[in-house]
Amino acid sequence: MKKLRIVWLLLWLPLIAFAQLEETQVVISDGLSNDYLKQKIEMNISHFLVACNKAVMDGKKPKLDDEMTDAAQETLEQMWKASPMVCPVSKVEEICLETSGGGYQIRNVPISMMAADEDKKEQELVFNMTSSGLIDNISIAIDEHKYKEIMDEHESVEDLFRRQVIIDFIESYRTSYNRKDLEYIESVFSDNALIITGKVVREKPKSDHALRTLSHEKIVYQKRTKKQYIENLKKVFSGNKYINVIFDEVEVIQHPKLTDIYGVTLKQEWNTNRYSDVGFIFLMIDFQDENHPLIQVRTWQPEKLNGAVLAREEVFSLGDFTIARSIIND
């Protein structure tokens, strides 16, 4: 036991020493004119980051009470159980955004996920705040440039609102895998959701043109029900200590006629201690209930086929599945 403790200390000593020096301060540079609220949000997020740094240093859980809602506290506990985190900088300066629900949001707060692989540790957090300045939700952010690109493509005020909701949705959805929150994932899928997964199989060479077909691959698709998908995830979650899901190349498209339907296409990196892959995810999200958007369709396709990245026209998109809405609703 003593040997194990020494090894643990040797592994963590560089980060612990660094965290000791970091009394991280959050500064809101723009977006909030109420000085009292501005100071409260700055203080609460600063306390959060300092508490995380201290917890890693002490080998304990972060102690936070007055800074967070109960829901945010539960999210932090789930994230911490999957991976402790530290903030590697002494000052974070960001703008404050207003959210559609009357709260506030601070994005792009840098953190290091301790359980992630070395090249995947550096990530960024999004803090959603209540109207009174409490931390109400924490999620892992998509790329800052991609966020701006998605928001800049809005075509109306309603579309702008929905794009903000979609980004929040995507970030919460991604983080739910990292924190193994099966209950949340189950809640965002329609009961009759269409779930399709693809896997690459190597075709058996034919003798008359074996040389040309030795490396030929094809994708075989399988349909899953929501129940089957959730049951499989439950096994994945229980069998892996840490799951690191990264979303990249996110595209958001509103249906030109069915305006409460959006298609989201993204590249997903899936990393666990047992298995890793990269593939394209397509989500068809229904906004008929704007307070509770639901995933009606989810597909996964491998990034590469026969050594080449899957052609964009071969990746599932909104046009392939809008008919599914009428089928699902019947």
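Cut-offs and rules
- Residues numbered from 1 in each chain as written.
- Predicted model: local features only at pLDDT ≥ 70, side-chain atom pairs only at ≥ 80, totals over all residues.
- Heavy atoms only, no water.
- Helix = DSSP H or I, 4+ residues; strand = E, 2+ residues; numbered from the N terminus.
- Buried < 20%, exposed > 50% of the residue type's maximum accessible area, 1.4 Å probe, protein only.
- Contact = heavy atoms within 4.5 Å.
- Pairing = 2+ DSSP bridges.
- Expected span 1.5 Å × (residues − 1).
- Polar contact = N/O pair within 3.5 Å; in protein donor to acceptor, adjacent residues only side chain to side chain.
- Salt bridge = Lys/Arg side-chain N within 4 Å of Asp/Glu carboxyl O.
- Core = buried A, V, L, I, M, F, W, Y, C linked by side-chain atoms within 4.5 Å.
- Axes fitted to C-alpha atoms, helices over the stretch in contact; angles between N-to-C directions.
- Parallel < 35°, antiparallel > 145°, perpendicular 65-115°, else oblique.
- Nonpolar A, V, L, I, M, F, W, Y, C, P; charged D, E, K, R; others polar.
- Phe/Tyr/Trp six-rings, centres within 6.5 Å; stacked < 30°, edge-to-face > 60°.

Undergrad: Explain the overall build of the protein chain to me, please; I cannot follow it from the model alone.
TA: Assigned secondary structure in the protein chain consists of nine helices and 15 strands. Going through the 330 residues of the protein chain one by one, you find that 51% of them count as buried. Within the protein chain, contacts between residues at least 6 apart in sequence are counted, and of these 60% link residues at least 24 apart.

Undergrad: Just to check I follow, could you spell out the pairing of strand β11 (residues 261-272) for this structure?
TA: Side-chain positions along a regular strand alternate between the two faces of the sheet. The buried fraction of β11 amounts to eleven of the twelve residues, a majority that puts the element mostly inside the structure. When strand β10 (residues 243-254) meets β11, the two strands line up antiparallel, connected through ten bridges. Looking at the pairing, Phe247 lines up with Gln268 of β11. Between the antiparallel neighbours β10 and β11 lie six residues.

Undergrad: Looking at this model, I keep getting lost on helix α2 (residues 35-58). Mind explaining?
TA: Helical periodicity: at 3.6 residues per turn, an α-helix aligns residues three or four positions apart in one direction. Relative to the 34 Å expected for 24 residues at 1.5 Å per residue, α2 spans 34 Å between its end C-alpha atoms, a close match to the ideal helical length. The residue sitting at the N-terminus of α2 and contributing the capping side-chain oxygen is Asn34; that oxygen lies 3.1 Å from the backbone nitrogen of Tyr36. Once α2 ends, the next one or two residues include Gly59, with phi positive near 70 degrees.

Undergrad: Help me out: how do you make sense of the pairing of strand β7 (residues 135-140) in this one?
TA: Within β7, five of the six residues are buried, which leaves it mostly tucked inside the rest of the structure. Hairpin geometry of strand β6 (residues 122-129) and β7 is characterised by an intervening segment of five residues between the two adjacent antiparallel strands and by a positive phi of about 95 degrees at Gly133.

Undergrad: So what exactly am I meant to see when it comes to helix α5 (residues 157-178) here?
TA: The terminal C-alpha atoms of α5, which comprises 22 residues, lie 32 Å apart, in line with the 32 Å expected from a rise of 1.5 Å per residue. Taking burial as the measure, the 22 residues of α5 include 18 buried ones, the bulk of the element. Within two residues after α5, Lys180 carries a phi angle of roughly 60 degrees, on the positive side.

Undergrad: For this particular structure, what's the right way to read the pattern of salt bridges?
TA: Where charged atoms from two side chains of opposite charge come close, those side chains can pair. Applying the stated criterion across every chain, the model contains 17 salt bridges. Note that Lys146 is salt-bridged to Glu149, the shortest N-O span being 2.9 Å. With Lys146 and Glu149 both in helix α4 (residues 144-152) and three residues apart, this pair spans about one turn of that helix. With its nearest N and O atoms 3.6 Å apart, the salt bridge here joins Glu303 to Lys267. Of this pair, Glu303 sits in the loop between β13 (294-302) and β14 (304-305) while Lys267 sits in strand β11; the two residues are 36 residues apart in sequence, bridging distant segments of the chain. Given the relative accessible area of 16%, Glu303 is considered buried. One salt-bridge network, held together by shared partners, links Asp119, Lys120 and Glu269.

Undergrad: What's the story with unusual backbone geometry in this structure? I'm lost.
TA: Where the residue is not glycine, phi is negative for most of them; where a peptide bond is considered, it is trans in most cases. One non-glycine residue, Asn108, adopts positive backbone phi at about 65 degrees. Its location among the elements puts Asn108 in strand β5 (residues 104-113). The phi dihedral of Glu249 is positive, around 50 degrees, even though this residue is not glycine. Note that Glu249 resides in strand β10. The partly exposed category is assigned to Glu249, whose relative accessible area is 36%.

Undergrad: What am I meant to see in the nonpolar core here?
TA: In terms of nonpolar packing, the biggest core is built from 38 residues, with Phe48, Leu125 and Phe127 touching the most fellow members. Elements represented by at least two residues in this core include exactly β1 (25-28), α2, α3 (70-82), β2 (85-86), β5, β6 and β7. Of all the elements, α2 adds the most residues to this core, at nine residues. What Phe127 contacts, discounting residues up to four positions off in sequence, is Ile45, Phe48, Leu49, Tyr104, Gln105, Ile106, Val109, Ile135, Asn137 and Ile138. Residues Ile170, Leu182, Phe237 and Ile295 belong to the second largest nonpolar core, which totals 36 residues.

Undergrad: Just checking my understanding: could you explain the side chain of Thr272 for this structure?
TA: Structurally, Thr272 is set in strand β11. A distance of 3.1 Å separates the side chain of Thr272 from the side chain of Asn240, its partner in a polar contact. A polar side-chain atom of Thr272 sits 2.8 Å from the main-chain amide nitrogen of Tyr275. Beyond its immediate chain neighbours, meaning those up to four positions away, Thr272 contacts Asn240, Tyr242 and Ile243.

Undergrad: Explanation requested: the packing of α4 against α5 in the structure shown.
TA: For any two helices packed against each other, one specifies the crossing angle of their axes together with the interaxial distance. At a closest axis distance of 9 Å, the pairing of α4 and α5 adopts a crossing angle of 150 degrees. One way to sum up the angle between α4 and α5 is to call them roughly antiparallel. Contacts between α4 and α5 involve Tyr147, Ile150 and Met151 from the former and Leu160, Arg163, Gln164 and Ile167 from the latter. Its residues placed into classes, the contact of α4 with α5 shows five nonpolar, one polar and one charged.

Undergrad: How should I be thinking about the packing of aromatic side chains in this particular structure?
TA: Applying the stated criterion across every chain, the model contains ten aromatic pairs. Relative to Phe237, the ring of Tyr177 lies with its centre 6.4 Å away and its plane at 80 degrees, an arrangement referred to as edge-to-face. Of this pair, Tyr177 sits in helix α5 while Phe237 sits in helix α8 (residues 226-239), and the two are 60 residues apart along the sequence. With respect to burial, Tyr177 and Phe237 carry one shared label: buried. Plain terms: the ring middles of Tyr262 and Phe287 are 5.5 Å apart, the flat faces sit at 65 degrees to each other, and that makes the pair edge-to-face. Of the two residues, Tyr262 sits in strand β11 while Phe287 sits in the loop between β12 (276-286) and β13, which places them 25 residues apart along the sequence. You'll find Tyr262 and Phe287 in the same group, each marked buried. Ring-pair connections join several aromatic residues into one group, and the members of that group are Phe169, Tyr173, Tyr177, Phe189, Tyr229, Phe237, Phe247 and Trp270.

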